[in-house]
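This is what each chain is made of:
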Amino acid sequence: MKIEANAKINLSLEVLGIRPDGYHELRSVVAPIALTDTLELTDAADITSDTGFADDLTVKAARVLARHCGVKRGVSIRIEKRIPVGAGLGGGSADAAAVLRGLNMLWGLGLPLDALVALGAEVGSDVPALVLGQETRQPVLMEGRGERVALLDKNAAFAALPLVLVNPNVFVSTKKVFDNCLFRVTNDPKIVYNIQQSWKLGQFEALREACQNDLEKNAMSLEPDIRKACEALEAAGAPKVHMTGSGATVWALAEDSAVAQRWAADLAQAGFWVCATNTIVR
Ligand code: C5P
């Protein structure tokens, strides 16, 4: 069977503190987007993937699911990659989420969505949000390390929102971006509230205004090319540019897809990896 694995952007990402396990306590609104990897899942004797990564999250996801359900079957996972790796777009986690969703069907397990989400937390921090986001095609509020997820608002007023992704072709270590990042001094739920309200009411400017990312400053000081990508997108006309996840991809919402295409063309000429895409809707 074939299944699409949607990438994500973080509309907001707040770092609330550090946890006893050394991870950071987060609060983030994650929106699934139309950029996908395509996965082909085929019956096989063992669980394998064609990525060649030793710590492949898709293999981990299949193993977690097989163990949980007592499944003795294997699967061969082939991935047609379009989502850049290590770029803040949740690529590896998106693929793992799609494996959980796909194998639930292929193996005829019939697990409910909340069970798949809970298994996702055993695979990786971003996997629960991507399982929920891919399946419902709606933005997700993610908290803790990523294990607590909920739909932002069922009554989205927007159709698909056009956006541009720009990657400066650099890799930043997630660990380094989290180390020494500044925590919020006050725990202010206003950011999520503003995103939720504007999403519900279809207020584009208010939504654009409400987006933010606490990891941006640290990532940009570690890797100045992220700032350059941000400035180049602003120079092309994007009024609000943010980083997604721990970087290095930056993104901007556009009024319509023609505008997104124009920004993308400008940035491609400057040598960046670019993609004009959109958020997804039910
Ligand atoms: O989730 P993942 O294992 O890919 O994260 C890589 C590193 O990023 C972790 O080892 C940790 O240092 C940091 N991190 C964190 N808090 C999070 C997520 C990641 O400190 N919520």
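Residues numbered from 1 in each chain as written. Predicted model: local features only at pLDDT ≥ 70, side-chain atom pairs only at ≥ 80, totals over all residues. Heavy atoms only, no water.

> Explain the nonpolar core to me, please; I cannot follow it from the model alone.
Soluble, globular proteins show a tendency: their nonpolar side chains are buried together. In this structure, Ile9, Leu11, Leu89, Leu165, Ile226, Leu233 and Trp263 are the most contacted members of the largest nonpolar core, which totals 94 residues. Of the residues forming this core, the biggest block, eight residues, is contributed by strand β2 (residues 24–44). (Core = buried A, V, L, I, M, F, W, Y, C linked by side-chain atoms within 4.5 Å. Buried < 20%, exposed > 50% of the residue type's maximum accessible area, 1.4 Å probe, protein only. Helix = DSSP H or I, 4+ residues; strand = E, 2+ residues; numbered from the N terminus.)

> Could you clarify how one ought to interpret helix α1 (residues 57–69) in this entry?
Owing to its 3.6 residues per turn, the α-helix brings residues three or four apart onto one side. With 13 residues, α1 should reach 18 Å at 1.5 Å per residue; the first-to-last C-alpha distance of 18 Å fits that figure. All buried positions along α1 are accounted for by Thr58, Val59, Ala61, Ala62, Val64, Leu65 and Ala66. Phi turns positive one or two residues past the end of α1, at Gly70, with a value near 65 degrees. (Expected span 1.5 Å × (residues − 1).)

> Looking at this structure, how should I read the pairing of strand β6 (residues 148–151)?
Taken residue by residue, a regular strand's side chains alternate between the two faces of the sheet. In this sheet, β6 lies alongside strand β5 (residues 140–144) in antiparallel orientation, the contact comprising four bridges. Along β6, the bridge assignment pairs Val140 with Leu151. The hairpin turn running from β5 into β6, its antiparallel successor, is three residues long, and Gly146 in that turn takes a positive phi close to 135 degrees. (Pairing = 2+ DSSP bridges.)

> Looking at this model, I keep getting lost on the layout of surface pockets. Mind explaining?
Summary: where empty space remains is shown by rolling a probe the size of a single water molecule over the atoms. The calculated volume of the largest pocket comes to roughly 1,200 Å³. Taken together, 44 residues line the largest pocket, and the ones lying closest to its centre are Leu57, Ser93, Asp126, Thr174 and Ser246. For the lining of the largest pocket, the secondary structure elements donating two or more residues are β1 (2–18), β2, α1, α2 (91–106) and α5 (174–178). A breakdown of the residues in the lining of the largest pocket according to their chemical character gives 15 nonpolar, 19 polar and 10 charged. In this structure, the second largest pocket occupies an estimated 270 Å³ of space. Leu182, Asn213, Asp214, Glu216 and Lys217 are, among the 14 residues lining the second largest pocket, the residues nearest its centre. Those elements giving two or more residues to the lining of the second largest pocket turn out to be β8 (212–213) and α8 (216–222). (1 Å grid on protein atoms, 1.4 Å probe; cavity = no way out; pocket = protein on both sides within 12 Å on 5 of 7 lines; lining within 4 Å. Points joined across faces, edges and corners; volume = space filled by probe spheres on them. Nonpolar A, V, L, I, M, F, W, Y, C, P; charged D, E, K, R; others polar.)

The quantities given are spatial measurements derived from coordinates; they are silent on function.
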